[in-house]
There are 2 protein chains.
Amino acid sequence: MENKSTEEKIFDAAYREFVEKGYEGARMQAIADRVGINKALLNYYYRTKDKLFDAVVPRIITQLPIGINNILEKDNPFEQKIEEIVHLYIGFLKKNPLIVRFVLRELLNGPDRLAKIFVEVIEHKDNNLIARLTELIEKEVQAGNIIPIKPEQLIINIISLCVFPFIGRFMVENIILKNAGTNFDEFMKDREKEVVDFILNAIKP
Amino acid sequence: MENKSTEEKIFDAAYREFVEKGYEGARMQAIADRVGINKALLNYYYRTKDKLFDAVVPRIITQLPIGINNILEKDNPFEQKIEEIVHLYIGFLKKNPLIVRFVLRELLNGPDRLAKIFVEVIEHKDNNLIARLTELIEKEVQAGNIIPIKPEQLIINIISLCVFPFIGRFMVENIILKNAGTNFDEFMKDREKEVVDFILNAIKP
DNA sequence: GTCTATAATGTGATAGAC
DNA sequence: GTCTATCACATTATAGAC
């Protein structure tokens, strides 16, 4: 696999450096070192740190499991859709903690740098997911299958329950689990089922 | 109020600078400018940026509503305790978005800088809160007042539902609420009641 | 205590040889 | 394309006069 072009090698190295350190923390020198070249070559291929960052970001963001349309497509009962969404999210977060941290950190530092591309990616991949999910929930409410709840609240509840433990991992480990006789991985393993039950219980009429 | 010592003025200015920009983003020059002095004086009172940061951080972190012991002390029914905790958390987050962002950003950049003091603060203010909350939940489960649920899962569910919308505010605003005909403030106003209902429903036997 | 001036370092960007 | 050398700038830290 040594036939990668220098440009690709730089891209890959930059990808890792930015994901690990964030824009501010990333160092051009460190990227050059990862490739085994010097900084001047970075400038030759990508003119500036900003441009290199902009080149890498889409590759990072498009990995987010935003497009869960396939789950909605399938003709499964509502409960099962919820379950699949939860598993998809938590599964992704388990496998990609660095990406989650990266996105969050950049958004916190000021969404400006990510905002534009973020919205682009969503509108491209998302394909009105939220609108369709909203519609689905409203239908279930009207049919009396679940309690009356505003779709946007339910959607955010689902995301909150899946995502927060990874964001607040430090606190979860050092405060809540400290004396619980379990570790983070075990806790998260339990949690997949736990969250599904919690949600389904909460919306059961 | 002009009788503050220079040292106090520096402390206050540093507090604001660090909270707004984070450790990496904060500039010693900016702090000096806020006070109306020059950088050399910062060095006179606090030797380095690190030491100034360490001096300020406890003041920031101790504001977190970790010690919710008073809520547990009161002899209210379990449901009401949940409700009060949710209101306390969301109320705090509404009033102190910058503090939340600060803590989160520093934890994401690597908990090392905050970790030690964070744990200290918790152990001092927290006073076995989690242990007591855990005990309380276990008692409710055994009494059959709520469904069987692991205390640590329930605790994190509560925190998740309160905190996440503020963390993911950008996404909430730009994705979920985009076409919902509402804004973040309205959404969060609704949410206080919504979250309480959601939780109580979820744990109802 | 407070200032001016400057050192010391780190980082991104560029010039120019090969 | 790739390198060495260097610039330009920002930022923290410090020396020394008052």
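You'll find the structure just up there.
Everything quoted here is computed from the prediction, not taken from an experiment.

Q: Got a minute to help me understand helix α10 (residues 151-167) of chain A in this structure?
A: All names here are of chain A. A rise of 1.5 Å per residue sets the reference length of α10, with its 17 residues, at 24 Å; its end C-alpha atoms lie 24 Å apart and thus fit the reference within 8%. The axis of α10 is deflected most strongly, by about 35°, at Leu161, and proline Pro165 appears within four residues downstream. Most of α10 sits out of view: 17 of its 17 residues are buried.

Q: Help me understand the side chain of Glu17 of chain A, please; the structure alone is not making it clear to me.
A: All names here are of chain A. If you trace the backbone, Glu17 turns up in helix α1 (residues 6-25). For Glu17, a relative accessible area of 1% corresponds to the buried category. Separated by 3.1 Å, the side chain of Glu17 and the backbone nitrogen of Arg27 make a polar contact.

Q: When you look at the packing of aromatic side chains in this model, what are you seeing that I'm missing?
A: Residue and element names in this part refer to chain A. Taken as a whole, this structure holds 15 aromatic pairs over all chains when the rule is applied. With a centroid separation of 6.1 Å and an interplanar angle of 45°, the aromatic rings of Phe53 and Phe102 are classed as tilted. Taken as a pair, Phe53 in helix α4 (residues 49-61) and Phe102 in helix α7 (residues 97-108) lie far apart in primary sequence, 49 residues in all. The two residues Phe53 and Phe102 agree in class, both being buried. Here the aromatic rings of Phe166 and Phe184 are separated by 5.9 Å at their centres, their planes lie at 85°, and the arrangement is edge-to-face. With Phe166 in helix α10 and Phe184 in helix α12 (residues 184-203), the pair connects residues that are 18 residues apart, well separated along the chain. As far as the burial class goes, Phe166 and Phe184 line up, both buried. The rings of Phe18, Tyr23, Phe53 and Phe102 are connected pair by pair, giving a single aromatic cluster. Positioned above the aromatic ring of Phe53 is the side chain of Arg113, whose terminal nitrogen or guanidinium carbon lies 5.8 Å from the ring centre.

Q: What should I look at first to understand helix α1 (residues 6-25) of chain B in this one?
A: An α-helical turn contains 3.6 residues, so any two residues separated by three or four positions project in the same direction. For α1 of chain B, with 20 residues, the first-to-last C-alpha span of 23 Å runs short of the 28 Å given by 1.5 Å per residue. If you look at α1 of chain B, its biggest bend is around 80°, right at Val19 of chain B. On its buried side, α1 of chain B packs onto α1 of chain A together with α2 (28-35), α3 (39-45), α4 (49-61), α7 (97-108) and α8 (112-126) of chain B.

Q: Honestly, the packing of α10 of chain A against α12 of chain A in this entry has me stumped. Any pointers?
A: To characterise two packed helices, one gives the angle between the axes of the helices and the distance between these axes. Residues and elements named next belong to chain A. Interaxial distance between α10 and α12 falls to 10 Å at its minimum, and their mutual angle equals 170°. Of the possible angle classes, the one that applies to α10 and α12 is roughly antiparallel. Here Leu154, Ile158, Leu161, Pro165 and Phe166 of α10 come into contact with α12, specifically with Phe184, Met188, Arg191, Val195, Phe198, Ile199 and Ile203. Along the lines of polarity and charge, the residues of the contact of α10 with α12 split into 11 nonpolar, no polar and 1 charged.

Q: In this structure, what is going on with the relation of the copies chain B and chain A? I would like to understand it.
A: Taken together, a rotation about one axis and a shift along it account for how the two chain copies relate. Expressed as a screw operation, the relation of chain B to chain A combines 0.0 Å of axial shift with a rotation of 180°, fitting to an RMSD of 0.1 Å. In symmetry terms, the pair is related by a two-fold rotation axis. Within chain B, Ala202 of chain B has its C-alpha nearest the rotation axis, a separation of 1.9 Å. Here 100% of the interface residues in chain B have copies in chain A that are interface residues too; the copies meet face to matching face.

Q: Is there a simple way to think about the protein's contact with DNA strand D in this case?
A: DNA strand D sits among 16 residues. The nearest are Asn38 and Tyr45 of chain A together with Arg27, Lys39 and Lys49 of chain B. For DNA strand D, the fraction of protein-proximal atoms (within 4 Å) that sit in sugar or phosphate groups is 63%. At 3.5 Å, a side-chain N or O of Asn43 of chain B approaches a phosphate oxygen of DNA strand D. Counting residues per element, the ones that place at least two in the surface near DNA strand D are α3 (39-45) of chain A together with α3 of chain B. Per-element tally for the surface near DNA strand D: the top contributor is α3 of chain A, with 4 residues. The class makeup of the residues in the surface near DNA strand D is 8 nonpolar, 4 polar and 4 charged.

Each value, and the rule that gives it
- Residues numbered from 1 in each chain as written.
- Chains lettered and ligands numbered in written order.
- Predicted model: local features only at pLDDT ≥ 70, side-chain atom pairs only at ≥ 80, totals over all residues.
- Heavy atoms only, no water.
- Helix = DSSP H or I, 4+ residues; strand = E, 2+ residues; numbered from the N terminus.
- Expected span 1.5 Å × (residues − 1).
- Bend = angle between axes of the 7 residues up to and from the residue.
- Buried < 20%, exposed > 50% of the residue type's maximum accessible area, 1.4 Å probe, protein only.
- Polar contact = N/O pair within 3.5 Å; in protein donor to acceptor, adjacent residues only side chain to side chain.
- Phe/Tyr/Trp six-rings, centres within 6.5 Å; stacked < 30°, edge-to-face > 60°.
- Lys NZ or Arg CZ within 6 Å of the ring centre and 35° of its normal.
- Contact = heavy atoms within 4.5 Å.
- Axes fitted to C-alpha atoms, helices over the stretch in contact; angles between N-to-C directions.
- Parallel < 35°, antiparallel > 145°, perpendicular 65-115°, else oblique.
- Nonpolar A, V, L, I, M, F, W, Y, C, P; charged D, E, K, R; others polar.
- Least-squares fit on C-alpha atoms with pLDDT ≥ 70 in both.
- Near = heavy atom within 4 Å.

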